[in-house]
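# Observations on the model geometry
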Amino acid sequence: RDRNFLGAVVVALIITFAMMGVFFFLALYMQDILGYTPLEAGVRFLPSTLMIVGVAPVAGRLADRFGPRWLIAGGLTLVAASLFTFSGIAVDSGYLDLLPGFVLLGIGIAMTMSPMTSAAMNAVPVDKAGLASGVLSMFRMVGGSLGIAVTGAIFQGLVTSRLGTLLAGSGVTAAQRDAVSEQLGGGSVGHVPGLSAAQAKEVTSAGSEAFVYALGHAMTVSAFVALL
């Protein structure tokens with residue numbers, strides 16, 4: 001019933017919704033489209049991590065001094081801006097095209113998480129601090145699960161639709177397109193039975209384009225959620 005506590009747990013759901021969708025699909029993008037190894041892809045998330053480490057303590061002190069509301073609003077706005085930058089990536093984008101989005105994402109998360117936690121804990125009596133912490137953590141876990149599930153559903157639907165458009169007239173059957181679509185959910189196209197060499201090459205190219213197309217639209221949805 002407390003508005004501040006309710007606001008904090010809703011923010012917890014939204015921020016992890018945005019975070020997990022980004023981390024999951026951009027890890028696949030960097031490995032399967034840009035060609036990085038898992039370690040190389042992981043290292044390239046460091047700008048976000050470093051921003052969180054540097055900005056979070058400052059955000060916590062500012063929240064104590066000025067209150068959490070405007071920091072949280074500003075942080076989620078930066079997260080939305082980051083997601084909008086990711087929505088514009090292409091098959092031939094490089095890491096430098098992603099870097100501004102990673103920096104904005106880290107700053108936005110840092111500005112949101114510390115004030116959010118402070119707002120939740122300050123909204124309840126001391127004897128309910130453990131309960132409040134548990135509820136806040138629960139909403140964060142639910143948000144992360146929803147982030148991957150919702151963006152994943154959007155991604156898969158758009159991949160299937162885009163492949164149908166790109167491979168129209170190629171001789172690739174609907175069953176083969178469905179197989180390609182399922183494989184793209186894991187990031188890349190492997191072996192699809194029954195394809196000629198020319199068709200396999202066309203499917204690989206179409207798969208990369210469909211992956212990026214679907215990823216961009218999924219990031220746009222996440223951006224609107226954060227902005228709202």
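Notes on the structure follow. (Residues numbered from 1 in each chain as written. Predicted model: local features only at pLDDT ≥ 70, side-chain atom pairs only at ≥ 80, totals over all residues. Heavy atoms only, no water.)

### Digging into the packing of aromatic side chains
In total, this model carries eight aromatic pairs according to the counting rule given. Aromatic side chains F24 and F25 sit 4.9 Å apart centroid to centroid with 85° between the ring planes, which places their arrangement in the edge-to-face category. Here the aromatic residues F23, F45, F86, Y95 and F102 are joined through ring pairs into a cluster of three or more. Over the aromatic face of Y36 sits the side chain of R44, whose NZ or CZ is 4.0 Å from the ring centroid. Looking at R162, its charged tip hangs above the ring of Y213, at a distance of 4.6 Å from the centre. (Phe/Tyr/Trp six-rings, centres within 6.5 Å; stacked < 30°, edge-to-face > 60°. Lys NZ or Arg CZ within 6 Å of the ring centre and 35° of its normal.)

### Considerations on the side chain of T112
Within the element layout of this structure, T112 appears in helix α5 (residues 95-122). Take T112: its relative accessible area is 0%, and that puts it in the buried class. Here the side chain of T112 touches G108 through a polar contact of 2.8 Å, landing on its backbone oxygen. (Helix = DSSP H or I, 4+ residues; strand = E, 2+ residues; numbered from the N terminus. Buried < 20%, exposed > 50% of the residue type's maximum accessible area, 1.4 Å probe, protein only. Polar contact = N/O pair within 3.5 Å; in protein donor to acceptor, adjacent residues only side chain to side chain.)

### Some words on the environment of G106
Looking at the element boundaries, G106 is found in helix α5. With relative accessibility at 0%, the residue G106 sits in the buried group. Separated by 88 residues in the primary sequence, G106 and A18 have C-alpha atoms spaced 12 Å apart. When neighbours within four sequence positions are excluded, G106 is seen to be in contact with S48, M51 and I52. (Contact = heavy atoms within 4.5 Å.)

### So, a nonpolar patch on the surface
Where nonpolar side chains cluster on the molecular surface, the patch consists of L39, V43, L46 and L50 and spans about 390 Å² of accessible area. Listed by contribution, the elements that provide at least two residues to the nonpolar patch are α2 (38-43) and α3 (46-66). Among the secondary structure elements, V43 is positioned in helix α2. (Patch = residues over 30% accessible without salt bridge, like charges linked within 9 Å, V, L, I, M, F, W, Y side chains within 5 Å. Areas by Shrake-Rupley, 256 points an atom, 1.4 Å probe, with all protein chains shown as cover. Salt bridge = Lys/Arg side-chain N within 4 Å of Asp/Glu carboxyl O.)

### Focus: the packing of helix α4 (residues 69-86) against helix α8 (residues 197-227)
Relative to each other, α4 and α8 sit at 165°, their axes nearing to 8 Å. The orientation of α4 relative to α8 falls into the category roughly antiparallel. As α4 packs across α8, the resulting crossing turns out to be left-handed. Along the contact surface, α4 presents L76, V79, A80, L83, F84 and F86, while α8 presents M219, T220, S222, A223, F224, A226 and L227. In the contact of α4 with α8, the residues fall into 11 nonpolar, two polar and no charged. (Axes fitted to C-alpha atoms, helices over the stretch in contact; angles between N-to-C directions. Parallel < 35°, antiparallel > 145°, perpendicular 65-115°, else oblique. Left-handed = near helix turned anticlockwise from the far one by under 90°. Nonpolar A, V, L, I, M, F, W, Y, C, P; charged D, E, K, R; others polar.)

### Looking at the pattern of salt bridges
Overall, the coordinates contain one salt bridge when judged by the stated rule. In this structure, R162 engages E209 in a salt bridge whose closest nitrogen and oxygen atoms are separated by 3.1 Å. In this pair, R162 is assigned in helix α6 (residues 129-166) and E209 in helix α8, connecting sequence segments 47 residues apart. Assessed through its relative accessible area of 23%, R162 is described here as partly exposed.

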